[in-house]
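# Coordinate inspection notes
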Amino acid sequence: MRMGERVVVYSLVAAALGLGTGLHFSRVAEAGRPVMAAEPARIATIDALALIDLMLQSERYLPAREAKVKELNDQLVPIGREVTDLEGKLIMGKKDDPNRDSLVSSWQGKKQQLQQLQQALSGELDAYNSKQAAEAYEIVLATTDSMAKARGYSHVLMTRKERGFTAENQAGTVQQLLSRPVAVWPAADDLTEAAIAELKLEGIVLDQKAKREAAAAKAAEAASAPQKPEEKKPEEKKPEGGAAK
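A short tour of the structure in this document, coming up. (Residues numbered from 1 in each chain as written. Predicted model: local features only at pLDDT ≥ 70, side-chain atom pairs only at ≥ 80, totals over all residues. Heavy atoms only, no water.)

## Some remarks on the overall build of the chain
Helix and strand content of the chain: seven helices and two strands. Written out in order from the N terminus, the α and β elements of the chain read α-β-α-α-α-β-α-α-α. Of all 245 residues assigned to the chain, the portion counted as buried reaches 23%. Summarising the internal contacts of the chain: among those between residues at least 6 apart in sequence, 78% fall at separations of at least 24. (Helix = DSSP H or I, 4+ residues; strand = E, 2+ residues; numbered from the N terminus. Buried < 20%, exposed > 50% of the residue type's maximum accessible area, 1.4 Å probe, protein only. Contact = heavy atoms within 4.5 Å.)

## As for helix H4 (residues 100-151)
The terminal C-alpha atoms of H4 lie 75 Å apart, and with 52 residues this matches the ideal 76 Å at 1.5 Å per residue to within 8%. Once H4 ends, the next one or two residues include Gly152, with phi positive near 80°. (Expected span 1.5 Å × (residues − 1).)

## Looking at the pattern of salt bridges
All told, the structure shown has nine salt bridges when counted by the stated rule. Between Lys70 and Asp74 there is a salt bridge, with its nearest N and O atoms 3.0 Å apart. With Lys70 and Asp74 both in helix H3 (residues 62-92) and four residues apart, this pair spans about one turn of that helix. Classification of Lys70 by relative accessible area gives exposed; the value is 53%. In this structure Asp74 comes out as partly exposed when scored by relative accessible area, which is 39%. When salt bridges that share partners are traced, they join Lys68, Glu71 and Glu124 into one network. (Salt bridge = Lys/Arg side-chain N within 4 Å of Asp/Glu carboxyl O.)

## Description of the nonpolar core
Membership of the largest hydrophobic core comes to 21 residues, with the highest contact counts inside it found for Met55, Val140 and Leu201. Within the residue set of this core, elements represented by two or more residues are strand E1 (43-46), helix H2 (48-56), H4 and helix H6 (192-198). Here this core takes six residues from H2, the largest share from any one element. The residues touching Val140, leaving out its near neighbours within four places in the chain, are Ala48, Leu51, Ile52, Met55 and Leu199. Membership of the second largest hydrophobic core comes to ten residues, among which are Leu72, Ile79, Val83 and Trp107. (Core = buried A, V, L, I, M, F, W, Y, C linked by side-chain atoms within 4.5 Å.)

## A short note on the packing of aromatic side chains
Taken as a whole, this structure holds zero aromatic pairs when the rule is applied. Arg42 extends its terminal NZ or CZ atom over the ring of Tyr153, reaching a point 4.2 Å from the ring centre. (Phe/Tyr/Trp six-rings, centres within 6.5 Å; stacked < 30°, edge-to-face > 60°. Lys NZ or Arg CZ within 6 Å of the ring centre and 35° of its normal.)

Structure below.
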């Protein structure tokens, strides 16, 4: 073997030995490195929907929502009075009154305007309520995060605390099923009551119970009360010449 070839071969062998030695030392180093064990998960639960409901009944949201409802209802008053006045004139007026057809047309037009305004204001109120609920959710989420860190929980699952269902239809039952994704959990790991205290919502729990009891009593009273005869509404003017195209 020539001298030049021999030098090249020795160089390659030395490089191979160096790589092998480095690999060996690397494996030894990895074998001696302490392995960090994963921390065990600690899981808690919280009834976020109950907390949001309580928050929406608190002084932070309820007065503003009631003021919004009044503001929207006030917009219905003028046209509502017009509809009522026209209904009164039609009910008390004579059927052979030459102005009756004009009154019926005016009543129908005003009633349609009232219905359209009611729909628009209902949508506005729905958007307002949704904004309040979204803000309350963010507060509940931040509180949950803070409590989890303070108590050493790695995960907090949202689930309804109440087991029973109150829905009376299939859609409501499915919705209540979906809101209860956790089947079993230790009572000590439920953060709902602690979050109620953290958010200062304790008094509202009693208010909610009182409201439910009052609503149940009112419903029972209404069911047992004799029904009043319905007030006769003026007949709507039918388009002449068959159905409108």
